[in-house]
Amino acid sequence: MASTGATIVTSGLSIGTDITWSNPGRITANDGSSASLGLIPPQQSQYLTGTGLGFSVSSYATITGIELGVYGNVVAGASQIVGLTKNGTTQAGSTKTGSQGGTLSLVTYGSSSDLWGTTWTPSEVNASTFGGFYRFANFSSGMKIANVDYVQVNVYYTLPTTRYWVGGTANWDTTAGTKWAYTSGGVGGASVPDTTNDVFFDASSGSGNTTFSLSTNIKSLDMTGYTGTLTHSAGQILTFLSNGGTNIVKFAGTYILGDPVTSEIDFDATSNPAVYNFTTGGNTFGNILVGPYHGGNTVTLQDNLNMGVGTSLTLRKGNFDANNKNLSIGLFYSSNGNTRTLTMGSGIWSLSGDDTTGNTWDITASTGLTLNSNTSTIKFTSNSGGTATFIGGGKTYYNFWNSIGTMEVVRNADTGNTFNNFKIDPGQAQLFGSDTTTTVASFEAVGTSANPIFISNDNINPFTISKSSGTVNVAYCYISLSVTAGGATWNSYTTSGNTDGGGNTGWNFNNTFGFPLIFNRLRRTP
């Protein structure tokens, strides 16, 4: 809620047919000089009226209440009323009983939600004839004297929470200018959006290039119908910070990253949990952070999410719901002790990052995390020639797919993770952490003579892979330092192109095929 602030009138008049006030013009300043009047029974005063407030409340505002302040005094026993006027001469709405005492003081009547029994428009309170009045009467005995030093008025109002971009090609920064309007295609002059504002870029916003060049917080964003370009400057964070409710975050048109990583978007809330329905519009995004400071928020994808190589999707607090959409991201990070929920849906989570900037999938600290893997697939797709590390936090996942690229490595570093299907594509290298156990319902590792598969540990001690029943058949795999467990049969016949690299337990090899040992360089040594 906004207000004009308590403002002293600039015009003072004595209006009416009763007893006239002396020096009514003195009510225009807090200077110790007063309008005054003495009455004997049964006299009553004219209306001591103050106007000329000079307000400029926006025409889009809604008036919610008005306060009238009178600084004065009156002898005990006098009857008093106060009220407001729209035209400077007649009463508007209802009056209130005055309560000025015997000592000069400021008494305020009305409130931020009191409309004095009538309705008000911005043009009415902006008029030079808008103001307030004070009147008293002596219906008892003796002389009753009143003094009024000044009269003031404060108008409370709300502005639309909508902010429409009408600035054309310009910077979205701390300068409002004429870049923002309250309505689609409206007149500029609205304030720069903040956490109370729903922001719109639409068909009336033009086809120019808007540059987001400040880190700021807004409530929501809807770019439906926008044909221009929004460029997100490097190092700037656009934070969605709503105080509860369901909020739209919808990108459309062309969204350009000033930096493929540091042009960041955060989802948070104030005191009440908020829901954000996130539509990407097919655009590519930099870093995304869910719940930097407050928990209980939910981000739900409305379409597929594409993030640049080297970016991170971080779940710190709250909830992230993939809503059965596909994600193409650099890294996923949710290693902390906060309460949070990850709902993965039925889509494919393609990970293109490597360990250059952090573990590719990192839930090292899984306390407080509820993981709903649903029927999702985690797919490693990096082509950087590095190592991508998966730390699952001992959780149950659905499908795992190593398709990282020739002569690259996926390393499953921690223990206790469970998968429905664990798949390794031809030509891939798959390492497991020493002394770790990975449980699977099915296991696929079928390479070719031209693109064999390398399966080993990342250090010295063997790893364990467990399957409760059934038979696993692998082909063209070089396997070392691996223990199978759980009751299933693990066939790795050399006649199928497999090589026993040593240190294995539970695998069925018939003989040594002599598989090229160039893959040894992919294993980590102490």
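Anyway, here's the lowdown on the structure attached to this text. As a convention, each chain's residues are numbered from 1 in the sequence order in which they are written. Residue-level local features of this predicted model are given only where pLDDT is at least 70; pairs of side-chain atoms are given and counted only at 80 or more, and the full residue set underlies all totals for whole chains, interfaces and linings. Note: side-chain values were computed over all heavy atoms of the structure, leaving out hydrogens and water.

**Brief notes about the overall build of the chain**
Part 1 of the reasoning: Helix numbers and strand numbers start at the N terminus; a helix is a DSSP run of H or I with at least 4 residues, a strand a run of E with at least 2. Assigned secondary structure in the chain consists of 1 helix and 51 strands.
Part 2 of the reasoning: Within these notes, the globule rule equals 2.2 Å times the number of residues to the 0.38 power, and the radius of gyration is based on C-alpha atoms. Its C-alpha atoms give the chain a radius of gyration of 36 Å, more than 25% over the compact-globule value 24 Å for 526 residues.
Part 3 of the reasoning: Expressed along its principal axes, the backbone C-alpha trace of the chain runs to roughly 125 × 45 × 35 Å.
Part 4 of the reasoning: When the 526 residues of the chain are sorted by exposure, 51% land in the buried category.
Part 5 of the reasoning: As displayed, the chain has an accessible area near 19900 Å², and 49% of this comes from carbon and sulfur atoms.
Part 6 of the reasoning: In the chain, which carries 21 positive and 27 negative side-chain charges, the distance between the mean positions of the two groups comes to 4 Å. For every residue, the accessible area (1.4 Å probe, protein chains only) is compared with the maximum for its type, and the residue is labelled buried under 20%, exposed over 50%, or partly exposed between those bounds. Accessible areas in this description were obtained via Shrake-Rupley with a 1.4 Å probe; residue shielding takes into account the shown protein chains only. Lys and Arg are tallied as positive, Asp and Glu as negative. Neither His nor the chain termini are counted. We put the charge of a Lys on NZ, of an Arg on CZ, of an Asp on CG and of a Glu on CD.

**Here we look at the nonpolar core**
If you look at soluble globular proteins, the nonpolar side chains tend to sit buried side by side.
Part 1 of the reasoning: Residues belong to a common nonpolar core when they are buried Ala, Val, Leu, Ile, Met, Phe, Trp, Tyr or Cys residues joined through side-chain atoms within 4.5 Å. Residues W172, F320, W349, W361 and F443 are the most contacted members of the largest nonpolar core, which totals 78 residues.
Part 2 of the reasoning: Grouped together as the second largest cluster of nonpolar side chains are 34 residues, I66, V70, A146 and Y157 included.

**Let's talk about the sheet that holds strand 51 (residues 507-508)**
Part 1 of the reasoning: The 3 strands are arranged 46-49-51 in an open sheet whose pairing can be described as parallel. If you trace the sheet from one side to the other, it starts and ends with strand 46 (471-473) and strand 51, each paired once.
Part 2 of the reasoning: By the convention used here, strands pair only if DSSP detects at least 2 bridges between them. Bridge count between strand 46 and strand 49 (residues 489-491): 3 bridges; the pairing is parallel. Opposite V472, over in strand 49, you have W490 as the bridge partner.

**A word on the sheet that holds strand 33 (residues 340-343)**
Part 1 of the reasoning: Taken together, the 10 strands give an open sheet; going across it, the order is 14-12-15-18-21-24-27-30-33-36, and neighbouring strands pair in mixed fashion. The open sheet terminates on both sides in strands that have one partner only, identified here as strand 14 (180-181) and strand 36 (369-372).
Part 2 of the reasoning: Summarising the sheet, strand 15 (residues 198-200) and strand 18 (residues 220-222) pair through 3 bridges and their orientation is parallel. Counterpart to V199 in the pairing with strand 18 is L221.

**Looking at the environment of T489**
Part 1 of the reasoning: Its place among the elements puts T489 in strand 49.
Part 2 of the reasoning: In this structure the C-alpha to C-alpha distance between T489 and W507, which are 18 residues apart in sequence, comes to 7.9 Å.
Part 3 of the reasoning: For T489, the contacting residues outside a window of four places in its chain are G470, T471, V472 and N508. By definition, residues are in contact when any of their heavy atoms lie within 4.5 Å.

**Some points on the packing of aromatic side chains**
Part 1 of the reasoning: Two rings belonging to Phe, Tyr or Trp (six-membered ring only in the last case) form a pair when the distance between their centres is within 6.5 Å. Interplanar angles under 30 degrees mark stacking, angles over 60 mark edge-to-face geometry, and anything in between is tilted. Under the criterion given, the structure shown has 45 aromatic pairs.
Part 2 of the reasoning: Between F320 and W349, the ring centres sit 6.1 Å apart and the planes meet at 75 degrees, which makes this aromatic pair edge-to-face. Residue F320 is found in strand 30 (residues 318-321), and its partner W349 is found in strand 34 (residues 348-351); the two are separated by 29 residues along the sequence.
Part 3 of the reasoning: Here F320 falls in the buried class, since its relative accessible area comes to 3%.
Part 4 of the reasoning: Judged by its relative accessible area of 0%, W349 is buried.
Part 5 of the reasoning: For the pair F422 and F443, a centre-to-centre distance of 5.8 Å together with 15 degrees between the ring planes defines the contact as stacked.

**Here we look at the side chain of S350**
Part 1 of the reasoning: Within the secondary structure, S350 sits in strand 34.
Part 2 of the reasoning: Residues in contact with S350, not counting those within four places in the same chain, are L327, S328, I329, K379 and T381.

**What to know about the environment of S112**
Part 1 of the reasoning: Along the chain, the position of S112 falls in the loop between strand 9 (105-110) and helix 1 (122-126).
Part 2 of the reasoning: Other than its neighbours up to four places away in sequence, S112 contacts M1, T64, G65, E67 and Y156.

**Description of the environment of N421**
Part 1 of the reasoning: Looking at the secondary structure, you find N421 in strand 41 (residues 417-424).
Part 2 of the reasoning: A sequence separation of 20 residues divides N421 from W401, and the C-alpha atoms of the two residues are 8.2 Å apart.
Part 3 of the reasoning: In contact with N421, not counting residues within four places along its chain, are Y398, N399, F400, S442, F443 and E444.
Part 4 of the reasoning: N or O atoms closer than or at 3.5 Å make up a polar contact, with two conditions inside protein: a donor-capable atom paired with an acceptor-capable one, and, for residues adjacent in sequence, both atoms drawn from side chains. A distance of 3.1 Å separates polar atoms of two side chains, one belonging to N421 and the other to E444.

**A look at the pairing of strand 12 (residues 162-165)**
Part 1 of the reasoning: What you see with strand 12 is no split at all: T162 and Y164 on one side and R163 and W165 on the other are buried throughout.
Part 2 of the reasoning: Relative to strand 15, strand 12 runs parallel, the two being bridged by 3 bridges. When the bridges of strand 15 are listed, T162 appears paired with D198.
Part 3 of the reasoning: Of the pairings in the sheet, the one linking strand 12 to strand 14 comprises 2 bridges and is antiparallel in character. Note that in strand 14 the partner of W165 across the bridge is W180.

**Some details on unusual backbone geometry**
Part 1 of the reasoning: Note the cis peptide between P41 and P42, where omega equals -5 degrees.
Part 2 of the reasoning: Relative to the assigned elements, P42 resides in the loop between strand 4 (35-39) and strand 5 (47-51).
Part 3 of the reasoning: In the Ramachandran plot, Y476 falls in the positive-phi region, its phi being about 50 degrees despite a non-glycine side chain.
Part 4 of the reasoning: Here Y476 lies in the loop between strand 46 and strand 47 (477-479).

**Focus on the pattern of salt bridges**
Part 1 of the reasoning: Note on definitions: salt bridges are taken to be side-chain nitrogens of Lys or Arg within 4 Å of carboxyl oxygens of Asp or Glu. Under the counting rule described, the total for this entry stands at 6 salt bridges.
Part 2 of the reasoning: Between D18 and R135 there is a salt bridge, and its shortest N-O distance comes to 2.4 Å. Taken together, the residues span a long stretch of sequence, with D18 in the loop between strand 3 (11-15) and strand 4 and R135 in strand 10 (residues 131-137) at a distance of 117 residues.
Part 3 of the reasoning: We classify D18 as partly exposed; its relative accessible area is 30%.

**Focus: a nonpolar patch on the surface**
Part 1 of the reasoning: Taken together, the side chains of I40, V75, M143 and I145 make up a nonpolar region of the molecular surface, amounting to roughly 320 Å² of accessible area.
Part 2 of the reasoning: Relative to the elements of secondary structure, I40 occurs in the loop between strand 4 and strand 5.
Part 3 of the reasoning: We classify I40 as partly exposed; its relative accessible area is 43%. Residues with no salt bridge and a relative accessible area higher than 30% make up the patches, which join like charges within 9 Å and nonpolar side chains (Val, Leu, Ile, Met, Phe, Trp, Tyr) within 5 Å.

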